[in-house]
Amino acid sequence: MKGIPAFDRLKLRGKMILIYFLAVFLPIALIGGMLILRTQSMEREKLERDIFSQFQRISREMENLFESYELLVNTLGQDRNISELLAGSYDAPIDAQEIYLSVYSKYLETLYVYPDVKQLTYYSGNPTLISAPPFFVNLEEYLKGTLEEERIAGMGATGLWSGVRKLKRNTEYWNPVNRKNETGEPAIAYSKFVGSAANEYARKHLLTVTVSAEVLSHVLSTVDPLYGASLYDLNGDPVLSAAGKTENAADQPDNELVRLGEDYRIQTVLGNGWRLSFSCPVREASAGARQLLFLSAAFLAVTALLSLLLILLFTHSITRRTGALAEKMERLLGGEAEIGPAESGADEIAQIDRHFTSLAARLQEMIRQKYVLELEKTKARLDSLQAQINPHFLYNALSTISWLTLDHSRESVRRSVELLARFYRINLSRGKEIITLGQEMEGVEAYLELQQLRYAGRIQVHCQVPAELEEAAVLKLTLQPLVENCIQHGMAGEKEKLTVVISAAVKGDRLCLTVEDDGLGINNVRLQALLQSVVPEGEGNGIGCRNIDQRIKLHFGSEFGLSLWSEEGKGTRAQVEIPFCFVSDFQRDDRNFG
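All values reported here derive from a predicted model rather than from experimental measurement.

S.K.: Could you give me a rundown of the sheet that holds strand β6 (residues 228–232), with the residues and numbers involved?
M.R.: Pairing within the open sheet is antiparallel, and its five strands lie in the order β7-β6-β10-β9-β8. The sheet is open, and its two edges are formed by β7 (238–241) and β8 (258–260), each paired on a single side. For this sheet, the mean inter-axis angle between neighbouring strands, taken without regard to orientation, is 30°. Judged from the five bridges that link them, β6 and strand β10 (residues 275–281) form a sheet pairing that is antiparallel. By the bridge assignment for β10, Gly228 is matched with Ser279. Most of the contacts of helix α2 (residues 12–77) go to strand β9 (residues 263–269), to which it runs at about 30°, and overall it touches β6, β9 and β10.

Listed below in structure tokens is the structure:
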């Protein structure tokens, strides 16, 4: 924000609060808002998945339930013994005793397997058979020619599932007294014409299995109470609902979750033609998401307030002491001899204040001494006008400087020349392009020691090269330029310390060499410049990353080379991939890599 007039006019505390707001609070608020929205979306997706899961489960259970009773009717309809008895001609009721007993026996057998079956009723078209409800009823008695018979006949081999009726005691499902009956046990029925085309009364026998409606209620009772599950028959009339009340079937696509008004809805048509519908109130379904939103917003608000309180306390602590330091400077500039005591504390501001207070005291003493010295210097100048320059003075001064040069700096110069010679001796390698990884690391270590003389311990290097890989074959001057880039770019600016990690590992048939640092990082433009060898003069290493990449590709093939990753403020990682082999194998196989 340097150069922005409005920002420059702010005091230190205002700048710190503004930077905190822009760099900390605003990103946290934005990220928190995004997380809240994402969490809401995930909650909604979870709700939809849960609705779909329960809906599909109930659909399958309903389908299996209906299919089991349809299978029962088909099995009974193919019973040869009963079919032959139904096709017989009887002069008296006593003659038909066998068929009555057979039907009752089948009912008992069915009840053993299907305990929810309430009735098993044959409506026969044989005029020689009289009714014996509720197991045997003559078709002509009250069902022949009715709308129910036409609908059942129209369904053919599919059969017809009929909605809920409340049955009076000892009456079958299709008995007219049960059409509007308000008492009794609720039941549903599946009806189908059965018989053999080989007899006189083919397709004249109607078989109806009456099932307790409780079997449907049991299935729907497993639905989450939050969801309203409803079942509708072929007429669109409600059969029953898990919520205790039925919902009108909405005109919407099947098996698709949609929002209608204040509800989520999904429905499908079952194999028997009945419609299963699910509904879920949006407000109740979103209660968890709303609670999560409230808690998240409250958490962000409390966090923001606490953070603001802390930053206010922190900035007040800093600006109070910097203000006191500025006041001392004003006093000193005003010529005051006493500027006050030094600040206590161990942080940088306290140190600066103590140093400034000490400096001010020394300055006052120097001013006093300077007055005395000026008097003495005036007398000395007068004496010096009378003297002549001594030619030996210059010689002695130069000798003293030469003697001082023999101290630490000369040893450093000698050591640096030795390291430089070692570095070039290793990398000359008698003209060889392929050297061992151990030799390459010796050159890197010589270069790093040379740099340590310059940076005085500011660089920490960690080498993670296994001993078994030291004889691996590498291209000369592969790692040193990368290490040089780490130091030049990583130590740019005001970076105080730098950590460089050099590692080697084998992945399959490849040797991976990695050099990474925790320096300042490189932006994308400069990163591309390093790979394309367009780094400005004085900022590169004379070899360049592009040069390394091209040499590797020329020696080993286009599938190998150099990769760079970097993030400003975090560091840079360079990785080289080359074929893995040992120098001994290389020499024995006489493989020419250039």
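Structure shown, so let's carry the discussion forward.
S.K.: An account of the layout of surface pockets is requested, with residue identities and associated values reported.
M.R.: Of the voids in this model, the largest pocket is the one considered here, and its volume is about 390 Å³. In terms of lining, the largest pocket is formed by 18 residues, of which the most central are Ser162, Gly163, Arg165, Asp233 and Asn235. For the lining of the largest pocket, the residue count by class is nine nonpolar, three polar and six charged.

S.K.: Please give an account of the nonpolar core that cites residues and values.
M.R.: Core analysis: the biggest nonpolar cluster contains 52 residues, and Ile51, Met62, Phe66, Tyr69, Leu216, Leu231 and Phe278 have the highest contact counts within it. Broken down by element, the residue count for this core peaks at 11 residues, all from α2. Contact partners of Met62, with chain neighbours within four places excluded, come to Leu216, Val219, Leu220, Leu231 and Leu270. Tyr447, Ala473, Val500 and Phe556 belong to the second-largest nonpolar core, a separate cluster that totals 41 residues.

Cut-off values and rules
- Position labels on residues start from 1 in each chain and follow its written sequence.
- Local features are withheld for residues below a pLDDT of 70 in this predicted model, meaning they are given only at 70 or higher, and side-chain atom pairs are given and counted only at 80 or more; totals for whole chains, interfaces and linings count all residues.
- To get the side-chain values, take all heavy atoms of the structure and skip hydrogens and water.
- Strand pairing follows a simple DSSP-based rule, namely that at least 2 bridges must link the two strands.
- Helix and strand definitions here come from DSSP, where helices need a minimum of 4 consecutive H or I residues and strands a minimum of 2 consecutive E residues; each element is numbered from the N-terminal end.
- Axis definition: a line fitted to C-alpha atoms, over the contacting stretch in the case of helices. Angles run 0 to 180 degrees between N-to-C directions.
- The contact definition used throughout considers only heavy atoms, calling two residues in contact when any of these lie within 4.5 Å.
- Only protein atoms enter the 1 Å grid used here. Points where a 1.4 Å probe fits but cannot escape make up a cavity, open sets with protein on both sides within 12 Å along at least five of seven lines make up a pocket, and a residue lines them when an atom lies within 4 Å of a point.
- Grid points are joined across faces, edges and corners, and a volume is the space filled by probe spheres set on the points.
- The nonpolar class holds Ala, Val, Leu, Ile, Met, Phe, Trp, Tyr, Cys and Pro. Asp, Glu, Lys and Arg form the charged class, and all remaining residues, Gly among them, are polar.
- Nonpolar core, defined: a set of buried Ala, Val, Leu, Ile, Met, Phe, Trp, Tyr and Cys residues in which side-chain atoms within 4.5 Å join the residues together.
- Each residue gets one of three labels from its accessible area relative to the maximum for its type: buried under 20%, exposed over 50%, partly exposed in between, using a 1.4 Å probe on protein chains only.

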